[in-house]
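# Structural description and commentary
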Amino acid sequence: MPVFAYKAVDAGGRTVRGELDAINLVDLEMRLKRMDLDFINGETIKRSNLLQGAPIGRRDLINFCFHMEQLTRSGVPILDALSDLRDSTEQPRLREILASVIESIEGGRTLSQAMNEHPKVFDGVFCSLIRAGESTGNLPDVLLNISESLKRDDELAAHTKKLLIYPLIVTLLILAAMGVAMVFVVPELAKLFQSFGRQLPLHTRALVAVSQFVARYWMVIAVTMAGIVGTVAFTVHTQPSARFRFDELKLRLPLVGPVLRKIILARFAGAFAMMYASGIAITDAIRASEDIAGNAVLREGLHRVGNLIAEGQNVSTAFQNTGLFPPLVVRMLRVGENTGALDSAMKNVTYFYNRDVRESIERAQAVVPSVLVVLLGGLLLIVIISVLGPVYDVITKLPT
């Protein structure tokens, strides 16, 4: 279905611009009329698949949940609340999605059904929680819980970025300095050494050979590395077995792997606690939570958990048999089952992992930069000794 850029006027006389799917201009005018907009003009636009699939940011979803929670709690009808958000949001993609949701609701669908038509924005957990909120009449509280969960995810993402940005910057700067030295400085010094006719140390000759190779074949090296990266990325995205091995490798990385596992399990525990507290069945909650893992290994583990529970095992035993959670967490789940407060137990698991992730990232922030500086500084030291050692020998042997 083509996308139209339209210009219309709302009931208050304000000009509204936006984008909307429609069969033709007549269909576009009909859809705008159902949104209480008077059509002025419109034209089809060409959009790449990349732009059509552009994700909505987490903070956009947080704002969406916050405003919807406030408006619905105040008694504003859902359609009016969505219309207000559509007209006030500055995110073009979100405005288009809200317009589509409004149209679907006007066509007879519920809010959760309308959101389910946009799985790239509203995932299975989101739609399941909204459906539970609709069925129990507790939609404002559900929206509040989703907003709080998204804020926690955003905070964890911010901590993770802080952990990665500094080492990445240091690594790029040192590699850039080494690249400049290997391509421009070392070849000139090699000519100088050859002019003196002196035998160079083995490590200096090796450095000169590497420098000459890089200077001569840098284009081939760059293309080869790009080809390897592109091939690996394509294979991982198209082959499930390759994706599984790649995700397994990520979980085994030192420092990063354990933190990544804890982040994923914290998100799962929080989502599961929200869905269970909202009245969603345990197996349905686990099935809906599989996609938020973002890791094929843990997704397959959660799928096994769901199968074991469906076969009659209790929650704590199922998680223990799959080896996803450490013994402390399994005991917390067992206590939650025995007391009938499984949602509270999962909230405690979420708190446990969130705190552990923050502490792990803080420790890594203290250790990783130091280790990185020592390793990369050692590489620079080798280059400096290999270059300046012969220069010092030449200078000291010059006649005075």
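Right, let's walk through the structure included here. (Residues numbered from 1 in each chain as written. Predicted model: local features only at pLDDT ≥ 70, side-chain atom pairs only at ≥ 80, totals over all residues. Heavy atoms only, no water.)

### Focus: the overall build of the chain
What counts is decided by this rule: In DSSP terms, a helix is any run of H or I states spanning at least four residues, a strand is any run of E spanning at least two, and both are numbered starting from the N terminus. Here the radius of gyration uses the C-alpha set of atoms, whereas the globule reference equals 2.2 Å times the residue count to the power 0.38. Two residues qualify as a contact provided that any one of their heavy atoms is within 4.5 Å of a heavy atom in the partner residue. Here, Shrake-Rupley sampling with a 1.4 Å probe gives the accessible areas, and only protein chains in the shown set may cover a residue. Residues counted as positive are Lys and Arg, residues counted as negative are Asp and Glu, and His and the chain ends are not counted. Note that the charge is assigned to NZ on lysines, CZ on arginines, CG on aspartates and CD on glutamates.
Counting secondary structure elements, the chain contains 16 helices and three strands. Over its C-alpha trace the chain gives a radius of gyration of 29 Å, far above what one expects of a compact globule, namely 21 Å for 400 residues. Expressed along its principal axes, the backbone C-alpha trace of the chain runs to roughly 95 × 65 × 35 Å. Sequence separation of 24 or more characterises 57% of the internal contacts of the chain that already satisfy a separation of 6 or more. When the accessible surface of the chain is totalled, it reaches about 22,200 Å², and 61% of it is carbon and sulfur. The average position of the 42 basic charges and that of the 39 acidic charges among the side chains of the chain differ by 10 Å.

### What about the pattern of salt bridges?
For clarity, the cut-off: Only one rule defines a salt bridge in this text: a Lys or Arg side-chain nitrogen within 4 Å of an Asp or Glu carboxyl oxygen.
As enumerated under the stated definition, the model contains 12 salt bridges in all. Across the pair arginine 73 and glutamate 69 runs a salt bridge whose closest N-O atoms are separated by 2.6 Å. Here glutamate 69 and arginine 73 lie together in helix 3 (residues 58-73), a separation of four residues that amounts to about one turn. Notably, a salt bridge pairs glutamate 248 with arginine 252, separated by 3.3 Å at the nearest N-O pair. Of this pair, glutamate 248 and arginine 252 are both found in helix 10 (residues 240-252), four residues apart, which corresponds to roughly one turn of the helix.

### Focus on the nonpolar core
Where we set the bar: Residue types Ala, Val, Leu, Ile, Met, Phe, Trp, Tyr and Cys, when buried and joined through side-chain atoms within 4.5 Å, form a set referred to as a nonpolar core. Any residue under 20% of the maximum accessible area for its type is buried, any over 50% is exposed, and the rest in between are partly exposed; the area is computed with a 1.4 Å probe on protein chains only.
Ranked by internal contacts, the top residues of the largest apolar core, which has 77 residues, are Tyr6, Phe64, Leu82, Phe122, Phe268, Phe319 and Phe325. Of all the elements, helix 11 (residues 256-277) adds the most residues to this core, at 10 residues. Ignoring sequence-local partners within four residues, the contact set of tyrosine 6 consists of Val16, Arg17, Gly18, Glu19, Leu20, Leu28, Leu32, Met35, Leu37, Asn41 and Gly42. Judged by nonpolar contacts, the second largest core, of 13 residues, contains Val170, Met182, Leu376 and Val387.

### A look at a nonpolar patch on the surface
Quick reminder of the rule: For patch building, the residue pool is restricted to those with more than 30% relative accessible area and no salt bridge; the joining distance is 9 Å between like charges and 5 Å between nonpolar side chains (Val, Leu, Ile, Met, Phe, Trp, Tyr).
On the surface, a cluster of nonpolar side chains totalling about 430 Å² of accessible area is made up of Phe246, Leu249, Leu253, Leu255 and Val256. Looking at the element boundaries, leucine 249 is found in helix 10.

### Considerations on the packing of helix 10 against helix 13 (residues 296-310)
Defined as follows: Axes here refer to lines fitted to C-alpha atoms; in helices the fit is confined to the stretch in contact. Angles between the N-to-C directions go from 0 to 180 degrees. Working rule for angles: under 35 degrees goes down as roughly parallel, over 145 as roughly antiparallel, 65 to 115 as roughly perpendicular, anything else as oblique. Following the grouping adopted for this structure description, the nonpolar residues are Ala, Val, Leu, Ile, Met, Phe, Trp, Tyr, Cys and Pro, the charged ones are Asp, Glu, Lys and Arg, and the polar ones are all others, Gly among them.
Packing of helix 10 against helix 13 brings their axes to within 7 Å, and their N-to-C directions diverge by 100°. By the criterion of interaxial angle, the relationship of helix 10 to helix 13 is roughly perpendicular. Every residue of helix 13 that contacts helix 10 at Arg243, Phe244, Asp247, Glu248 and Leu251 is listed here: Ala296, Val297, Leu298 and Glu300. A per-class count over the contact of helix 10 with helix 13 returns five nonpolar, no polar and four charged.

### Section: the state of the cysteines
Using the following cut-off: Disulfides are defined in this document as cysteine sulfur pairs within 2.5 Å.
One pass over the structure, following the stated rule, counts zero disulfides. Cysteine 65 takes part in no disulfide bond, and the closest cysteine sulfur to it belongs to cysteine 127, at a distance of 11 Å. Of the residues examined, cysteine 127 reaches a relative accessible area of 1% and is grouped as buried.

### Considering the layout of surface pockets
Quick note on the threshold: A cavity here means a set of 1 Å grid points, computed over protein atoms only, where a 1.4 Å probe fits but cannot escape. A pocket is an open set with protein on both sides within 12 Å along at least 5 of 7 lines, and lining residues have an atom within 4 Å of a point. Grid points are joined across faces, edges and corners, and a volume is the space filled by probe spheres set on the points.
In this structure, the largest pocket spans a volume of roughly 770 Å³. Around the largest pocket sit 27 residues that line it, and Thr160, Leu164, Val256, Leu260 and Ile263 are the ones nearest its centre. Broken down by secondary-structure element, the contributors of at least two residues to the lining of the largest pocket are helix 8 (139-196), helix 11 and helix 16 (342-396). Considering each element in turn, the lining of the largest pocket owes the most residues, seven residues, to helix 8. Partitioning the lining of the largest pocket into residue classes produces 20 nonpolar, three polar and four charged. One number sums up the size of the second largest pocket: a volume of about 530 Å³. If you trace the second largest pocket, you find 20 residues lining it, with Leu61, Val121, Asp123, Leu150 and Arg267 closest to the centre.

### Observations regarding the side chain of threonine 322
Position of threonine 322 among the secondary structure elements: in helix 14 (residues 315-322). Classification of threonine 322 by relative accessible area gives buried; the value is 13%. In this structure, threonine 322 is in contact with Gly301, Arg304, Val305 and Leu308, ignoring residues within four places of it in sequence.

### Let's talk about helix 12 (residues 282-289)
The line we're drawing: Picture the helix axis, draw a direction to every C-beta atom, and the arc is the one those directions span.
Buried within helix 12 we find Ala285, Ile286, Ala288 and Ser289. In an axial view of helix 12, the angular spread of the buried residues amounts to 165°, which keeps them on one side of the axis. Those residues of helix 12 that are buried lie in contact with helix 7 (124-136), helix 11 and helix 13.

### Focus on empty space enclosed by the protein
What the rule picks out here adds up to one cavity of 30 Å³ or more. Of the pockets and cavities examined, the largest cavity occupies roughly 50 Å³. Together, Ser149, Arg152, Asp153, Leu156, Ala266, Arg267, Gly270, Thr350 and Asn354 line the largest cavity. For the lining of the largest cavity, the element with the most residues is helix 8, which contributes four residues. In terms of residue class, the lining of the largest cavity is made up of two nonpolar, four polar and three charged.

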